[in-house]
Structure formats: C-alpha cells, structure tokens
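Survey of secondary and tertiary structure
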Amino acid sequence: MSEVLLASQAAGTGTTPVPAASGARQFWRRLRAQRAALVAAAVVALLVLVALAAPLLTAIAGQDPTTYHPDLVDSARGGVPTGSLGGISGDHWLGVEPQTGRDLFARLVYGARVSLGVALAATLVQVLIGVVVGIASALGSQWVDQLLSRLTDVIIALPLMIMSLALLAIVPGSFPRPVLVALVIGLIAWGGIAKIVRAQTLTLKQLDHVAAARLSGWGSWRIARRELLPGLAAPVITYAALLVPSNITVEAALSFLGVGVKPPTPSWGQMITAADVWYQAAPQYLLLPAGALFVTVLALTVLGDGIRTALDPRAASRLRIGTGRRHEAKAGAVGTVAAVAAVAVEKTEATAEEKKGAGA
C-alpha cells in the first residue's frame, strides 16, 4: 500500500479534541456497530494469541520448527513428503516440509510470531519518528520547518523496497535479522505519518486553548505533550492501524527476495519462497503460509478501516459495498421527491393567494 493512499485514508480523521472518557466510550460504541470490524478484530486477536503461544502450541503438538525428519520425505522423488496430503498425521497436524521434513504447523505458528512482531515493531518505529519530526516541524522556526519538510519529502520519495534490499544486503549476518528488518522498514517509511502530524499540528496551533497555553509561557514541548498530542491521537492511531498490514506485506516480500529473515528462523515470506518449486508435489507448503498471510493482511486492513470510521464517523467506510449505496440512493430519491412536493405546494399556495387578491 502506497504512502499516498495510507495518508489519504488517515487524513479524513477529525482533529476536534474531545474528553478522553467520553471519546473512548463513543469510539467503542461506533466500533461495536461495525460487524466486519469486530470479526476482523477477533481474527487479529486470535493470530496474536497464536503467535504469543507458539512455544506452547508446538509443545502440545510435540514438535518444533527446526528439527529435521528425513524419514518422512522420499529422497528418491527429490524430497516429497511421504504419506497422503503432504504427510499429515497425528504427529504432524499440517504435514511436513519437503526435503527437510520439518513440521509445517510449528513453522507456521512461529512464522506468525516473526511476521507480526516485525510489522508491529516497524510500525512503532515509524510512529515515533513521524510524530517527533512532524511536531518539531510544525512548532519549530521557519528554517527548521523547511529543513524537516525537505527531509520528509526525500524519505517519501525513496523507494522502500530498493532501499531495504540495499541496506539488508550490506549489514553483517550476525545482527539479529528480525530486529534488523523492523528497523530498516521503520527508518525508511516514516515520511507519511510525519506529513500528517505536521498538517494536523498546524491546524491545532490555531485553537484557543493552544494559544492560551503559549501566552501562559509554556514551552513548545510542554504544549505538544499537554495540548497537541490528545488531538493527534485519532489520526496517528488510524494511520498506524493501516501501516501494520502494509509492513507485514513488506516483510514477506523481503523474505521472499531472500534478504529478510534468514533460515532456520521461520517466516511466512520465507516459506513462500521455498515453496515455489513444490506447489505441485506439496501444494499445502505454499497454500498454508500464503493463506495465513492473506487472512492476516485482510483482517488488519478491515480493522484499520473500522478504527478510522469509528474515530471519524463522518467519513463513510471505504469497504462499504452494495447495500449502503442502495440505501443512500433511496434516501436521496425520497429527499428529491419531498423537495419537489414542497415546491409544488408553495406554487399552489402562491397561485391561490394571487387569485384571492385579484377577486378582492
């Protein structure tokens, strides 16, 4: 997902500050009214639970993601899993990996931990840098604003995938790869949120309570912490919710290209890469990580859209289809008929008054 699209989705959130308690209650009420968002939240919660409980789940299954089982693959056929459905059995719930015989269930749940962890860590880095740069640009002097704005423009213009490939290729292999991938994504892709925070801060600066704080002698960072951050919460949360699925996709793409998470650490993108020659002999080796990646990105996207709509109820959901548009069309038609009827009544009354005046 491009930075421009993410920014356009997040920018619709209103900036009018509301009390924290009432704002939280309204947010949860609006979010609960969206069934799709609730289902997506349940799916995301389940995925996070699976990722956190990966050691426990694999212990229950009696497997781990790194142990080889050469007796479960047919070396005469190039390493195809023996048995039906890719080696599914009571010991291996989803089958085994071709050539190595490693348990697919264990690698899938540990891959969820890596993919979700990298995406969330990268999002946190992006939010921290973007908020600091955006507020500093809006509250700083003119030359500070110009310098940070040009730096943000350069960051946005950088091709994320190409820069990530270059940075990941030159870093020593001894550096923890998941941490490195999260840092690279976060350090390259914070420009969009910095732009949004700067624009929202410039708007909030004009409000009376911010001006009063400035006249009281408060410093810039105290004003930012006490008066601006509450108003920035909605757009920042919205943008962060939309960034997570994008970062999962980037991590999977980097692992697919061979510069992301390195074996034997499992990752969904890495599993898809290794499955490119096995999709006919062992289709579940490709379908399982690809399906998990698709469900995760879809659920996070729907949840992000729900959060955006709940924080800004004036904005229509971008995932709305069919029924909502028909209701709007019907409402518009009813309104048009009512307006025509009102005009006709006014004309009739005016004609009656004219006749009455002529008769008099």
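Each residue is numbered by its place in its chain's sequence as written, counting from 1. Only residues with pLDDT of 70 or above have their local features reported here, since the model is predicted, and side-chain atom pairs are shown and tallied only from 80 upward, although totals for entire chains, interfaces and linings are computed over all residues. The basis for every side-chain value is the complete set of non-hydrogen atoms in the structure, without hydrogens or water.

A few words on the overall build of the protein. Looking only at helices and strands, the protein has 14 helices and two strands in total. Buried positions account for 41% of the 360 residues belonging to the protein. For the protein, the exposed area adds up to about 18800 Å²; of that, 68% sits on carbon and sulfur atoms. Here a strand is any run of E in DSSP of at least two residues, a helix any run of H or I of at least four, and the numbering for each starts at the N terminus. A 1.4 Å probe rolled over the protein chains alone gives each residue an accessible area, and that area as a share of the maximum for its type sets the label: buried under 20%, exposed over 50%, partly exposed in between. For accessible areas, the Shrake-Rupley method is used with a probe of radius 1.4 Å. Any residue's cover is judged against the shown protein chains and nothing else.

Ranked by internal contacts, the top residues of the largest apolar core, which has 32 residues, are Ile248, Trp268, Tyr285 and Leu293. Listed by contribution, the elements that provide at least two residues to this core are helix H2 (20–32), helix H3 (35–52), helix H5 (104–139), helix H11 (220–256), helix H12 (268–274) and helix H13 (284–311). Excluding residues that lie within four positions of it along the chain, tyrosine 285 makes contacts with Glu97, Pro98, Leu104, Met271, Ala274, Ala275 and Trp278. In terms of nonpolar packing, the next biggest core, distinct from the first, is built from 17 residues, Val131, Val210, Leu228 and Leu243 among them. By nonpolar core we mean a set of buried residues, namely Ala, Val, Leu, Ile, Met, Phe, Trp, Tyr and Cys, connected to one another through side-chain atoms within 4.5 Å. Contact definition: two residues touch when any of their heavy atoms are within 4.5 Å.

With that settled, the discussion passes to the side chain of serine 255. Tracing the sequence through the fold places serine 255 in helix H11. Judged by its relative accessible area of 4%, serine 255 falls in the buried class. Pairs of N or O atoms within 3.5 Å make up the polar contacts considered here, provided that, within protein, one atom can donate a hydrogen while the other can accept it, and that residues adjacent in sequence are counted only when both atoms are side-chain atoms. Within polar-contact distance, the side chain of serine 255 engages the side chain of glutamate 251 at 2.9 Å.

The description of two helices packed together rests on the angle between their axes and the distance between the axes. Fitted lines through C-alpha atoms give the axes, limited to the stretch in contact for helices. The angle between two N-to-C directions lies from 0 to 180 degrees. For the pair helix H4 (residues 54–61) and H5, the least separation of the axes is 9 Å and the interaxial angle reads 175°. With respect to their mutual orientation, H4 and H5 come out roughly antiparallel. Seen from H4, the contacting residues are Ala54, Pro55, Leu57, Thr58 and Ala61; seen from H5, they are Phe105, Ala106, Val109, Tyr110 and Arg113. Polar here means any residue other than Ala, Val, Leu, Ile, Met, Phe, Trp, Tyr, Cys and Pro, which are nonpolar, and Asp, Glu, Lys and Arg, which are charged; Gly is therefore polar. Of the residues belonging to the contact of H4 with H5, the class tally is eight nonpolar, one polar and one charged. Any angle from 65 to 115 degrees is called roughly perpendicular, while one under 35 is roughly parallel, one over 145 is roughly antiparallel, and all others are oblique.

With that settled, the discussion passes to the confidence of the model for the protein. The predicted structure's coordinates, where accompanied by low pLDDT, should not be read in detail. The pLDDT value expresses, per residue, how confident the predictor is, ranging between 0 and 100. Taken residue by residue, the protein gives an average pLDDT of 79. The fraction at 70 or more is 80%. H3 holds the highest mean pLDDT among the elements of the protein, 93, whereas helix H1 (residues 3–10) holds the lowest, 48. The low-confidence segment residues 11–21, where pLDDT is below 50, has 18 contacts with residues more than four positions distant or belonging to other chains. Confidence drops under a pLDDT of 50 for residues 321–325, and excluding neighbours within four residues, the segment shows one contact in the predicted structure.

Before going further, it helps to spend a moment on a nonpolar patch on the surface. Excluding any residue in a salt bridge, patches collect residues exceeding 30% relative accessible area, merging like charges within 9 Å and nonpolar Val, Leu, Ile, Met, Phe, Trp and Tyr side chains within 5 Å. Salt bridge criterion: a side-chain nitrogen from Lys or Arg within 4 Å of a carboxyl oxygen from Asp or Glu. Taken together, the side chains of Phe175, Val179, Leu183 and Leu187 define a hydrophobic patch exposed on the protein surface, amounting to about 320 Å² of accessible area. Here leucine 187 shows up in helix H8 (residues 177–188). On the accessibility criterion, leucine 187 (48% relative accessible area) is partly exposed.

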